[in-house]
Amino acid sequence: RHRFWETQPVSQFKDLGDTFIPEGPIDPPTPVSEVKKVPYNLPALYEWTTCDIQDDATAAEVYNLLSSNYVEDDENMFRFNYSKEFLCWALRPPGYFKSWHIGVRVKANKKLVAFITGVPAKIRVRTDVILMAEVNFLCVHKKLRSKRLAPVLIKEVTRRIHLEDIWQAAYTAGIVLPTPIATCQYWHRSLNPKKLIDVGFSRLGPRMTMSRTIRLFKLPSLPATPGFRKMELRDIPPVTRLLKEYLSKFAVAPFFDEMDVEHWLLPREDVVNSYLVESPENHEITDFCSFYTLPSSILNNSNHSTLKAAYSFYNISTKTPLQQLMNDALIVAKQKDYDVFNALDAMENESFLKELKFGPGDGMLHYYLYNYRLRYALLPSELGLVLL
Ligand code: NHW
Ligand code: EN5
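Residues numbered from 1 in each chain as written. Chains lettered and ligands numbered in written order. Predicted model: local features only at pLDDT ≥ 70, side-chain atom pairs only at ≥ 80, totals over all residues. Heavy atoms only, no water.

Engineer: I tried to follow the packing of helix 6 (residues 236-247) against helix 7 (residues 258-265) on my own but got confused; where do I start?
Structural biologist: The description of two packed helices rests on the angle between their axes and on the distance between the axes. As a packed pair, helix 6 and helix 7 sit with axes 9 Å apart at the nearest point and diverge in direction by 100 degrees. Considering the angle they form, helix 6 stands roughly perpendicular to helix 7. Facing Ile236, Pro237, Val239, Thr240 and Leu243 of helix 6, the residues of helix 7 in contact are Glu258, Val261, Glu262 and Leu265. Of the residues assigned to the contact of helix 6 with helix 7, the class counts are six nonpolar, one polar and two charged. (Axes fitted to C-alpha atoms, helices over the stretch in contact; angles between N-to-C directions. Helix = DSSP H or I, 4+ residues; strand = E, 2+ residues; numbered from the N terminus. Parallel < 35°, antiparallel > 145°, perpendicular 65-115°, else oblique. Contact = heavy atoms within 4.5 Å. Nonpolar A, V, L, I, M, F, W, Y, C, P; charged D, E, K, R; others polar.)

Engineer: Mind showing me how you'd approach the pattern of salt bridges here?
Structural biologist: Side chains bearing opposite charge may pair, as long as their charged atoms lie close to each other. Enumeration over the complete set of coordinates arrives at 14 salt bridges. In this structure, the salt-bridge partner of Glu61 is Arg105, at a minimum N-O distance of 2.7 Å. You can see Glu61 sitting in helix 1 (residues 56-69) and its partner Arg105 sitting in strand 3 (residues 101-106), a full 44 residues away along the chain. Under the relative-accessibility criterion, Glu61 is labelled partly exposed at 28%. Each of Glu72, Arg79 and Lys142 takes part in salt bridges that share partners, so that together they form one network. (Salt bridge = Lys/Arg side-chain N within 4 Å of Asp/Glu carboxyl O. Buried < 20%, exposed > 50% of the residue type's maximum accessible area, 1.4 Å probe, protein only.)

Engineer: Looking at this structure, I do not really get the packing of aromatic side chains. What am I missing?
Structural biologist: Aromatic rings considered in pairs are described by the distance between their centres and by the relative angle of their planes. Counted under the stated rule, the structure contains 25 aromatic pairs. With a centroid separation of 5.6 Å and an interplanar angle of 90 degrees, the aromatic rings of Phe291 and Tyr338 are classed as edge-to-face. Residue Phe291 is located in strand 11 (residues 285-293), and its partner Tyr338 is located in the loop between helix 8 (322-335) and strand 16 (340-344); the two are separated by 47 residues in the primary sequence. The two residues Phe291 and Tyr338 agree in class, both being buried. (Phe/Tyr/Trp six-rings, centres within 6.5 Å; stacked < 30°, edge-to-face > 60°.)

Engineer: Please explain the sheet that holds strand 13 (residues 306-307) as it appears in this structure.
Structural biologist: Sheet strands pair by backbone hydrogen bonding; their relative direction is either parallel or antiparallel. Read from one edge of the open sheet, three strands run 2-12-13, paired in antiparallel fashion. This sheet does not close on itself; its edge strands, each paired only once, are strand 2 (78-80) and strand 13. The sheet contact formed by strand 12 (residues 296-298) and strand 13 spans two bridges and is antiparallel. In the strand pairing of strand 13, Ser296 is matched with Leu307. (Pairing = 2+ DSSP bridges.)

Engineer: How should the domain arrangement of the protein chain be read in this particular structure?
Structural biologist: Reports of interface size often rely on the accessible area that becomes lost once the parts have come together. Domain boundaries assigned for the protein chain yield domain 1 (5-172) and domain 2 (183-382). Contact with domain 1, which involves 50 residues of that partner, is made by 46 residues of domain 2. When the buried area of domain 1 at its contact with domain 2 is split by residue, Phe78, Trp89 and Arg124 rank highest and sum to 19% of it. Between the two partners, domain 1 and domain 2, sit zero salt bridges. Sorting the residues of the side of domain 1 that touches domain 2 by element identifies strand 2, helix 2 (84-91), strand 4 (112-125), strand 5 (128-140) and strand 6 (169-173) as the ones contributing at least two each. Residues belonging to the side of domain 1 that touches domain 2 are distributed by class as follows: 26 nonpolar, 10 polar and 14 charged. (Domains from an automatic or database assignment. Buried area = accessible area lost by both parts, 1.4 Å probe.)

Engineer: How should the site of ligand 2 be read in this particular structure?
Structural biologist: In the region of ligand 2, 22 residues are neighbours, and Asp73, Glu75, His188, Asp362 and Leu388 sit closest. In this structure, a nitrogen atom belonging to ligand 2 sits 2.8 Å away from a side-chain N or O atom of Asp74. Here a nitrogen atom of ligand 2 and a backbone polar atom of Leu388 are 2.6 Å apart. Starting from 880 Å² of accessible surface for ligand 2 in isolation, the protein chains cover 84%. (Near = heavy atom within 4 Å. Polar contact = N/O pair within 3.5 Å; in protein donor to acceptor, adjacent residues only side chain to side chain. Areas by Shrake-Rupley, 256 points an atom, 1.4 Å probe, with all protein chains shown as cover.)

Engineer: Just to check I follow, could you spell out the site of ligand 1 for this structure?
Structural biologist: Among the 33 residues in the neighbourhood of ligand 1, the closest are listed as His2, Trp5, Leu138, Ser146 and Ala150. Here an oxygen atom of ligand 1 sits 3.1 Å away from a polar atom, N or O, in the main chain of Phe137. Between ligand 1 and Arg148, the relevant distance is 2.9 Å, taken from an oxygen atom to a side-chain nitrogen or oxygen of the residue. Expressed as a share of its isolated accessible area of 1,200 Å², the protein-covered part of ligand 1 is 88%. Those elements that place two or more of their residues in the shell around ligand 1 are strand 5, helix 3 (149-162) and strand 6. Partitioned by chemical class, the residues of the shell around ligand 1 number 21 nonpolar, eight polar and four charged.

See below:
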């Protein structure tokens, strides 16, 4: 059934629950000197390119490829529209490798028609902290689909990751592949219900009018928690300590140091927002919440072209109840004019989703590890990792 994935070191469905196969790496590492030194062959009309995402012209080509050809929902009503600034952030974390930002061009006219990326990340699986790659932004132009180009892209990014002596990867997808380590559901909290209904993102509930719906999703104009403020540079050490402690309770989670926290969580306009609670009494940082900005293009609507969505990222409560903290996150997202606030049912999110009027979406997100086997799939609440 999976002619490509059956050949890869990933856990296969038939092995689920087999207690005779140990948890951990599937294939042992080989010496880097034995890694294939030349790129995989592409069909004759195409050539490899390494994309310098800092270069404005290249960033524009990648942005254009993705904005027309990347992920859509199951009814092709919306398509992710990652901004150039977002891509620059997502692809240049501490220690990134330019060689892992891979494109495919048409030889004749140099048009960019496919893309895949990796970035390095320390990820803990149970007690094992492993330097992995996070693979994302796999995209093949709509006109070149179903020609088995994706397996070539995946093998090439794998080869370039192996050249850096890295042997495991983490990735997510909306489709089922061999074999998810966890399956999460998307939940959505309407901030601008009128627009969401107008564009077909949500529907008027049974026995609901538009004005009752607007009232139902109304939020206060200001956050309620005393000491709630935007994260600043000086907050990196206490936020790193909070995160380290918090993420240690999940089976799979990133292992962040201060440089990672600076990169991934320091606020960047229209990319990532982070807030925290500083105790008015002793100035301790006790709670933290964050969300990233990922708009979607609205396909086939004459009144609206983009949906402004916030995605829950990492949230930590030690003093402020998580539900109150997330309500404050909704309030600031509303102030910043987001239309919808999305979250997965991962980490402790289940404890606030229903109460804060999130509703289940029609999309699932499956999490995968490459060359690492877990005996059983995790529950969403055991997963402490959010990929972009
Ligand atoms: S998930 C989003 C992926 N992108 C999209 O959905 C964009 C729209 N779709 C497309 O561009 C986030 C194409 O449909 C793509 C497939 C390119 C998806 N992951 O070329 P063929 C990520 O970026 C398998 C993995 O004919 P196509 C994560 C499929 O199962 N595999 O298909 C990326 C089949 O194999 P099988 C996927 O439609 C993680 C084969 O590709 C997949 O023209 C990548 C068919 O290829 C997906 N999302 O192009 C893995 N979609 O065995 C990283 C399809 O079933 C692994 N396939 O026959 C780790 C590597 C690093 C290791 C380091 C140690
Ligand atoms: C790699 N990092 O399907 C990511 N989104 O639910 C790649 N549905 O927005 C993998 N279909 O349910 C991405 N509205 C996989 C996800 C692909 C995108 C996707 C889903 C997630 C989505 C919306 C719109 C559906 C349109 C028709 C949805 C209902 C919202 C409603 C709001 C009010 C309360 C009840 C729910």
